[in-house]
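Structure assessment
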Amino acid sequence: MKSRSLAQRVARTAAAAVFAAFGFGAALIAVSAPLASASSEVGWIRLAHLSPNAAPVDVYLYSFGNPNAHIVLDHVGYGTVSPYEQVAAGEYTVAMRATGAPSGSSPVLSTAVNIAPGHAYTVAGLGPAAGLRLVVIPDELTTPPGKALVRIIQASMHKVTVTAGSTRLAARLKFAHVTSYFTVEPGTWPIRATGGGKSVTASISLAAGTIHTLVVLDEPGKLGLDVLLDAAGSKVPPAGGPRTGFGGTAARPGDTLVPWAVAVLGGLVVTVTGTAIMTRRRRPALHAR
Amino acid sequence: MRADTAAGRADARHVSPLRVIRRPWAVAAAVAGVLVVTLGGAGLSWASGTGRSAMPVGRPPVTGTPRSHWAAVSAPTAPAQVVPLPTGMVIPAIGVRTKLIQLGLAASGTLQVPADVGVAGWYTGSPRPGGTGSAVIVGHIDSVNGPGVFFRLRELKPGDLVYVQRTDGKMAVFKVTLVQTFLKSRFPTAAVYGPVPNAQLRLITCGGTFDVATGSYLSNVVVFAVLQ
């Protein structure tokens, strides 16, 4: 009995202490369990044909490593811009094939695009038919407070000047050029694009918190203007979170049973273990030394 | 009771009482355990007697899909077209059927909330539901004495459907992607009100701890949904 080693005493004491701590700790953890934060990792992509003299195409979007197309857009002609497709963030491939070409055939054009979470992209076939290329254009998704954003994709063969009211947005913009975004005051703007002796006008409404792309197009005998709403949010973000409760069903301190149940179970474990250690009968053989 | 049993077992094995004292931590653990069990049991019985009343919203729950002649809106409406105004909302998963009132901003710059805790409202400064952008709809979790229209909002799960009725008689159908609770002090303004490139919906109510001192909940429950 007296030969019981210090190490054994320390070990048993420590074990008992650990179990006691577990009893309280489990209850504490149950009370303060953090909120699960599952954020959705998605991005957006849209596909466009903006080459005036190129034939219509079939456009394929592949998730990297998956031979089956995520989406297929058939017979996409010049001037077509698809809606945004919401996809899981990651690597994708955009491929263009001649209209009606088998899906297994070699694409005319293809490009890789990395879709970052929370970001949007326009993948457009741009340039003349002879030099057609797929261009990945990053799209903006935030506006300065109370402002609108607008940019121009110049998809006309002419050199084009674009004005908004009396403000010149871009002068003699070359074919296949994509401008950066202009910050504009919200309101209704008269837009005018001129080039090659032709012009087009449109009155567009630019709300605060919205982002637009103006696509200048060649149309038979004139210019065309496609006004795309890229993204929209609240005109004025309200301050803070809304006050939508008066407490009539609010949780009171004893509202949830879980911490108490954990405390009971933890306490039982501690009691049983503690009692077992207290009354454990040591075999002399183990303590002969 | 347990201590008696333990002592009895100890006697039966001819262990000296001194042995027990030689293991003070074991004794402390056993005593603490008994204490925790007792307190926990007391708390359990107290809590089960005063639990939150799980009353349903004071409206008949919706069963099945809504009226069939409401065609679903399948894609974001082209920007050139004017998206119809929202008039009502149905969330079968949590038994919500409410008209939608229009809400602006209060003088303080905060979002107006419905005067009637039984109805939800659409923020007129946000995009219209079904159009490009994130439409914002808010409702109360409760009044001073009972549940409000969004009492069960936090029970929504990814995949649940939200139907927004519009003045053109069509429904915009949204699928829940995320339900999350945020401290009001860390409200994710950009994620809730910022621009998005597709048609989305945000449903907002209160949640978390109720601060009796300020008469306000400390958190907001936000449901993120995407047009189907």
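What follows is about the overall build of chain A. Within chain A, the regular secondary structure consists of two helices and 17 strands. Taking all 289 residues of chain A together, the buried fraction comes to 45%. At a minimum sequence separation of 6, the contacts of chain A that also span at least 24 residues come to 61%. Total accessible area on chain A is roughly 14100 Å²; 61% of this is exposed by carbon and sulfur atoms.

With that out of the way, let us pick up the nonpolar core. In this structure, M89, I137 and L203 of chain B are the most contacted members of the largest nonpolar core, which totals 25 residues. Those elements that place two or more of their residues in this core are β2 (86-91), β3 (96-103), β4 (120-123), β5 (133-138), β6 (161-166), β7 (171-183), β8 (199-211) and β9 (216-227) of chain B. Ignoring anything within four residues of it in the chain, the contact list for L203 of chain B reads M89, I91, I137, F150, L153, L156, V162, V221, V222 and V223 of chain B. V150, L173, V200 and L206 of chain A belong to the second largest nonpolar core, which has 19 residues in total.

Residue and element names in this part refer to chain A. Evaluated as defined, the whole model comprises eight salt bridges over all chains. Between R151 and D139 there is a salt bridge; the shortest N-O distance is 2.5 Å. Highlighted residues: R151 in strand β10 (residues 148-155) and D139 in strand β9 (residues 133-139), separated in sequence by 12 residues. When its relative accessible area of 1% is taken as the criterion, R151 is described as buried. Sharing partners across several salt bridges, the network here consists of R46, D139, R151 and D230.

With that settled, consider the sheet that holds strand β7 (residues 109-115) of chain A. Residues and elements named next belong to chain A. Reading across from one edge, β3-β2-β6-β7 is the order of the four strands in this open sheet, with antiparallel pairing throughout. Edge strands, defined here as strands with exactly one partner in the open sheet, are β3 (69-76) and β7. Averaged over all pairs of adjacent strands, the angle between strand axes in this sheet comes to 15°, irrespective of strand direction. Pairing geometry for strand β6 (residues 90-98) and β7, over seven bridges, is antiparallel. When the sheet's bridge partners are listed, M96 is paired in β7 with L109.

Residues and elements named next belong to chain A. Within the secondary structure, T122 is located in strand β8 (residues 120-126). In this structure T122 comes out as buried when scored by relative accessible area, which is 2%. A distance of 2.8 Å separates the side chain of T122 from the side chain of R46, its partner in a polar contact. Within the local environment of T122, its side chain forms a polar contact with the side chain of D139, the two groups lying 2.6 Å apart. Excluding residues that lie within four positions of it along the chain, T122 makes contacts with R46, Y84, V135, V136, I137, D139 and R151.

Turning to the packing of aromatic side chains, a few remarks are in order. Under the defined criterion, the tally for this structure stands at four aromatic pairs over all chains. Taking the centre distance of 6.5 Å and the plane angle of 80° together, the rings of Y123 of chain B and Y193 of chain B count as edge-to-face. Of the two residues, Y123 of chain B is situated in strand β4 and Y193 of chain B in helix α4 (residues 189-193); the sequence distance between them amounts to 70 residues. Judged by its relative accessible area of 1%, Y193 of chain B falls in the buried class. Taking the centre distance of 6.0 Å and the plane angle of 40° together, the rings of F187 of chain B and Y193 of chain B count as tilted. When sorted by exposure, F187 of chain B lands in the same class as Y193 of chain B, which is buried. Among the aromatic side chains, those forming a connected cluster through ring pairs are Y123, F187 and Y193 of chain B. A cation sits over an aromatic face here: R97 of chain A above Y60 of chain A, 4.4 Å from the ring centre.

Thresholds applied
- Residues numbered from 1 in each chain as written.
- Chains lettered and ligands numbered in written order.
- Predicted model: local features only at pLDDT ≥ 70, side-chain atom pairs only at ≥ 80, totals over all residues.
- Heavy atoms only, no water.
- Helix = DSSP H or I, 4+ residues; strand = E, 2+ residues; numbered from the N terminus.
- Buried < 20%, exposed > 50% of the residue type's maximum accessible area, 1.4 Å probe, protein only.
- Contact = heavy atoms within 4.5 Å.
- Areas by Shrake-Rupley, 256 points an atom, 1.4 Å probe, with all protein chains shown as cover.
- Core = buried A, V, L, I, M, F, W, Y, C linked by side-chain atoms within 4.5 Å.
- Salt bridge = Lys/Arg side-chain N within 4 Å of Asp/Glu carboxyl O.
- Pairing = 2+ DSSP bridges.
- Axes fitted to C-alpha atoms, helices over the stretch in contact; angles between N-to-C directions.
- Polar contact = N/O pair within 3.5 Å; in protein donor to acceptor, adjacent residues only side chain to side chain.
- Phe/Tyr/Trp six-rings, centres within 6.5 Å; stacked < 30°, edge-to-face > 60°.
- Lys NZ or Arg CZ within 6 Å of the ring centre and 35° of its normal.

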